[in-house]
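# Chains, contacts and geometry: an overview
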Amino acid sequence: MATEDLPSEFDVVILGTGLAESVVAAAFSRVGQRVLHLDRRSYYAGHWASFTFNALLTWIQQHHEEPQPEEVQDWSSLLEEGEELIPLSNSDSIRNLQVFCFTSEEDEEEESPNTTEEERGGADEDAVRETSETESADSKDEETNQKTEEREEQAPQTKGEEPEADQPTPSAAQSQSEPTKKKISYTQLLKEGRRFNIDLVSKLLFSRGSLVDLLIKSNVSRYAEFKNVTRILTYRHGQVEQVPCSRADVFASRQLSVVEKRKLMRFLTSCVEETEEQRAYHGRPYLEFLCDQQLGDNLQHFLIHSIAMVTEDTPTEDGLAATRHFLRCMGRYGNTPFLFPVYGLGEIPQCFCRMCAVFGGIYCLRHSVSCLLVDKETNRCKGVIDSRGHRISCSHFVVEEGFVGTDRKRLATPTRYLSRAVLITDNSILPGNSDQQVSMVTVPPIAAGGPTVKMVELCPSTMTCMPGTYLVHLTCQSVGSAFDDLSPVVTRMFRTPQSHDQVTGPSVLWCLYFNMADGSGLEVEGHDLPSNVFLCSGPDGALGHEHAVRQAESIFLKILPEEDFCPPAPNPEDIIYDGETTSSTTGEEEKEEGERGEEEKEKEVLEEKQSLQAEE
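Within each chain, residue numbers correspond to sequence positions counted from 1 in written order. Thresholds applied to this predicted model are a pLDDT of at least 70 for local features of residues and 80 or more for the giving and counting of side-chain atom pairs; totals over whole chains, interfaces and linings are not thresholded and use all residues. Only hydrogens and water are set aside; all other atoms, that is, all heavy atoms of the structure, feed into the side-chain values.

- As annotated in an unreviewed UniProt entry, the protein carries the name Rab proteins geranylgeranyltransferase component A and comes from Cyclopterus lumpus.
- UniProt positions are given in the numbering used here, feature names are shortened, and annotations may be inferred rather than shown by experiment. Looking at the Sequence similarities (unreviewed entry) heading of the UniProt record, one finds this comment for the protein: "Belongs to the Rab GDI family."
- Taken from UniProt, the Function (unreviewed entry) comment for the protein reads in full: "Substrate-binding subunit (component A) of the Rab geranylgeranyltransferase (GGTase) complex. Binds unprenylated Rab proteins and presents the substrate peptide to the catalytic component B. The component A is thought to be regenerated by transferring its prenylated Rab back to the donor membrane."

Below you can see the structure in the form of structure tokens.
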């Protein structure tokens, strides 16, 4: 909406379109609140966004450029008596970006040069600019159009459809007989860039998690489409192995002996309910509990790293709670507990934004808030001044934490960071008979004191990468820079110029490393802000979305404690617009009109007969 057409008064103004802010916006709009939702960026979802390959290159280029100092405006003329200004900042939590390209520049070249993106220099940047003239991160609308075109060209796998079960890796003789696949060039990646949807944050949806429950309850799920994560893998003894999770997986596994299978099934069955024996281990390491259950190294590894997804010294009660949650989510939509949204995680915040807009919310991208207008006496925010100098009154203000200075925020812990890596590869980490596998991989610490790495591998049927490639996301808690934390895992599991000759994994065509702030350290309350201003943190390091959903619900209930959080939205065909009558009334009127029509027809027939008789 044009700035000059904006109303001057709202119930809630929200700055930032991340997941928590978008859920809050949808919840308020659904119960009739007047919502204005702004974002200074040109795309939705903030640090939860998904980019095409070319748009991601533009995003990287923008972060490499030195930020221009913002012009300080004097808005004191807009102040009324008894008011003061609180200026907002504009900080970014992305740092340590490093880009590497290991594939050839042109299609004709067979061998890939070991050059980085920076070494390519100006010629490469010109090529990127030429390719992305019609497709840049400066317009999310363009990305939406691209996705629409892509839907027409590639029919996505329907909801609930599952790929074939994973089969053992083909033998060496079989692989030798197969024709050598031509390596994809950097030019091809640019040309097919709109087929990629690359997430800044890597997460999955637990099938019985809070986000899936909210999507179903609010009826927002109709705006998105999902795929099952088809297998769970782990990295052990230098090899990638499939983790047996369901009963069928356990009995089909070739990695476990018959005795181990029985022990695993007995243990998983006993985990469903808490017992006195389990309570006796509270406060003691989960590994100690598993050892006392007479479970061998294989089973301990699977249970700690791939099912509970905890560390060896995690307290037993937490390890068992994580195991139960995993088991509860099994079998609801597939053979693993996880779902992934088609076209990437950036779709989820946009789905909630769409619901907000349907119920009257107003959206403005490339539009920010410069400062808050605060009543000195009550310490409440009366309104905001936007980046164009317009005064907008509001009852409540919700803001992404990046717009608030660190001197006004209260952190539970010093700011922690997540290390992220995004790889485009030419094959799956564990090839099988099906090339449409979506895999969750856990990589225990490679060195003592190192981080545990969570890896998600996406195939082309998720509409996140072009055919012939796979998109791999790696995430861990930062110890150093993202490159220092994750490159040892990449060089061990994938083929890069730095890998040893014996590495037989897929080749990395292109990769990106960066660090982003971990949003879990932000306190809920206690900030040096007006009482009706609420902060939303960015993505956290957990695999699920519980932190963001819990935060959004908490903010909503503080403002409207008597209202239902995200009640079900009616189906479009059930909505009655102003001036329309209800379906029952309409039906009665149609019935009456039908009866009148029949009577008129009978009269016409009688009159026609009488006129014929008169003529005779």
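Still more ground to cover, so stick around.
### A word on the overall build of the protein
- Counting from the N terminus, the helices are the DSSP runs of H or I reaching at least four residues and the strands are the DSSP runs of E reaching at least two. A tally of helices and strands in the protein yields 17 helices and 22 strands.
- The buried label goes to any residue with under 20% of its type's maximum accessible area, the exposed label to any with over 50%, and the partly exposed label to all in between, with areas taken from a 1.4 Å probe on protein chains only. For the protein, the proportion of its 616 residues judged to be buried stands at 51%.
- Contacts: residue pairs with any heavy atoms within 4.5 Å of one another. In the protein, the share of contacts with a sequence separation of at least 24, taken over all contacts with a separation of at least 6, comes to 74%.
- Per-residue and other accessible areas follow the Shrake-Rupley method at a 1.4 Å probe size, with only the shown protein chains counted as cover for residues. As displayed, the protein offers around 29,100 Å² of accessible surface, 47% of which is attributable to carbon and sulfur atoms.

### Concerning the environment of A27
- Along the chain, A27 falls in helix α1 (residues 19-30).
- What makes A27 buried here is its relative accessible area of 0%.
- It is 8.6 Å that separates the C-alpha atoms of A27 and E553, two residues lying 526 residues apart in sequence.
- Leaving out residues up to four positions away in the same chain, A27 has contacts with F556, F565 and C566.

### Here's the deal with the sheet that holds strand β12 (residues 338-341)
- Strand pairing is defined by DSSP finding a minimum of two bridges between the two strands. Ordered by their spatial adjacency, three strands build an open sheet running β8-β12-β9, and the pairing between neighbours is antiparallel. Edge positions in the sheet fall to β8 (205-206) and β9 (226-228), since each of these pairs with one other strand and no more.
- Relative to β12, β8 is paired through two bridges, and the arrangement is antiparallel. Bridged to L205 within β12 is L339.

### Points about the nonpolar core
- The definition of a nonpolar core used throughout is a set of buried Ala, Val, Leu, Ile, Met, Phe, Trp, Tyr and Cys residues joined through side-chain atoms within 4.5 Å. F53, F267, F338, F352 and W510 are the most contacted members of the largest nonpolar core, which totals 117 residues.
- Per element, the largest residue contribution to this core is eight residues, and it comes from α1.
- In contact with F338, other than residues within four places in its own chain, are L204, L205, F206, K227, N228, V229, I232, M309, F326, M440 and L543.

### Thoughts on helix α9 (residues 258-271)
- One less than the number of residues in a helix, times 1.5 Å, gives the span that helix is expected to have. Over its 14 residues, α9 runs 20 Å from end to end, which matches the ideal 20 Å to within 8%, given 1.5 Å per residue.
- At its buried positions, α9 is contacted by α8 (247-252), α10 (276-279), α11 (286-292), α12 (297-307) and α13 (316-329).

### Describing the packing of aromatic side chains
- The pairing test for Phe, Tyr and Trp rings, Trp by its six-membered ring, is centres within 6.5 Å, and the orientation test on the planes gives stacked under 30 degrees, edge-to-face over 60, and tilted for anything in between. The final tally for this structure, using the stated rule, is 18 aromatic pairs.
- For the ring pair Y286 and F289, a centre distance of 6.4 Å and an interplane angle of 10° mean the geometry is stacked. Remark: F289 and Y286 occur in helix α11; sequence separation between them is three residues, near one turn of the helix. Like F289, Y286 is buried.
- An aromatic cluster is built from Y43, F51, W59 and F514, whose rings are joined through pairwise contacts.

### Structural notes on the environment of L486
- Its place among the elements puts L486 in helix α15 (residues 482-493).
- With a relative accessible area of 0%, L486 lands in the buried category.
- Linking L486 and R420, residues 66 residues apart in sequence, is a C-alpha distance of 7.7 Å.
- Sequence-distant contacts of L486, that is, excluding residues within four places in its chain, are made with S419, R420, A421, V453, L474, C476 and Y513.

### With respect to the packing of α9 against α12
- For every element, the axis is a line fit to its C-alpha atoms; helices are fit only across the contacting stretch, and the angle between N-to-C directions ranges from 0 to 180 degrees. Two elements in contact, α9 and α12, have axes separated by 10 Å at closest approach and are oriented at 35°. Seen along the crossing, α9 lies across α12 with a hand that is right-handed. In contact with E260, K263, L264, F267 and L268 of α9, α12 contributes N298, L299 and L303.
- Gly falls in the polar group here, along with every residue not listed as nonpolar (Ala, Val, Leu, Ile, Met, Phe, Trp, Tyr, Cys, Pro) or charged (Asp, Glu, Lys, Arg). Looking at the contact of α9 with α12, its residues break down into five nonpolar, one polar and two charged. Here is the rule for handedness: rotate from the far helix to the near one, and if that takes an anticlockwise turn smaller than a right angle the crossing is left-handed, while a clockwise turn gives right-handed.

### A word on the environment of S395
- With respect to the element layout, S395 can be found in strand β16 (residues 391-400).
- Taking the C-alpha atoms as reference, S395 lies 7.3 Å from G383; in sequence the two are twelve residues apart.
- In this view, S395 contacts F10, D11, R380, C381 and N532; residues no more than four positions away in its chain are not counted.

### Here's the deal with the pattern of salt bridges
- Each salt bridge in this description consists of a side-chain nitrogen of Lys or Arg and a carboxyl oxygen of Asp or Glu lying within 4 Å of one another. Considering all chains together, one arrives at 18 salt bridges under this definition.
- One salt bridge connects E276 with R279, and the closest N-O pair in it is separated by 2.7 Å. Within this pair, E276 and its partner R279 are both found in helix α10, separated by three residues, close to a single helical turn.
- A relative accessible area of 39% means that R279 is categorised as partly exposed.
- A salt bridge links K409 to E401; the shortest N-O distance between them is 3.4 Å. This pair shows no difference in class: K409 is buried, exactly as E401 is.

### Some words on the side chain of D375
- Considering the arrangement of structural elements, one finds D375 in strand β14 (residues 369-375).
- One buried charge, D375, has no salt-bridge partner; the nearest side chain with opposite charge is K382, at 4.4 Å.
- Excluding residues that lie within four positions of it along the chain, D375 makes contacts with G82, R380 and K382. Charge counting follows a simple rule: Lys and Arg are positive, Asp and Glu are negative, and His as well as the terminal groups are ignored.

### Details of α1
- Compared with the 16 Å implied by 1.5 Å per residue over twelve residues, the 16 Å span of α1 between its first and last C-alpha is a close match.
- Along α1, twelve of the twelve residues are buried, which leaves the element largely enclosed by surrounding structure.
- For α1, the set of buried residues is L19, A20, E21, S22, V23, V24, A25, A26, A27, F28, S29 and R30.
- Following α1 by one or two positions, G32 adopts a phi angle in the positive range, close to 95°.

### So, the pairing of strand β10 (residues 231-236)
- In terms of burial, β10 is largely enclosed, as six of its six residues are buried.
- The alternating pattern of β10 places R231, L233 and Y235 on one face and I232, T234 and R236 on the opposite face, and all of these are buried.
- Judged from the four bridges that link them, β10 and strand β18 (residues 439-443) form a sheet pairing that is parallel. For I232, the partnering residue across the bridge sits in β18 and is M440.
- Where β10 lies against strand β11 (residues 239-242), four bridges are found, and the strand directions are antiparallel. Bridged to Y235 within β11 is V240.
- Where β10 folds back on β11, the antiparallel hairpin that results is connected by two residues, among which H237 adopts a positive phi of roughly 55°.

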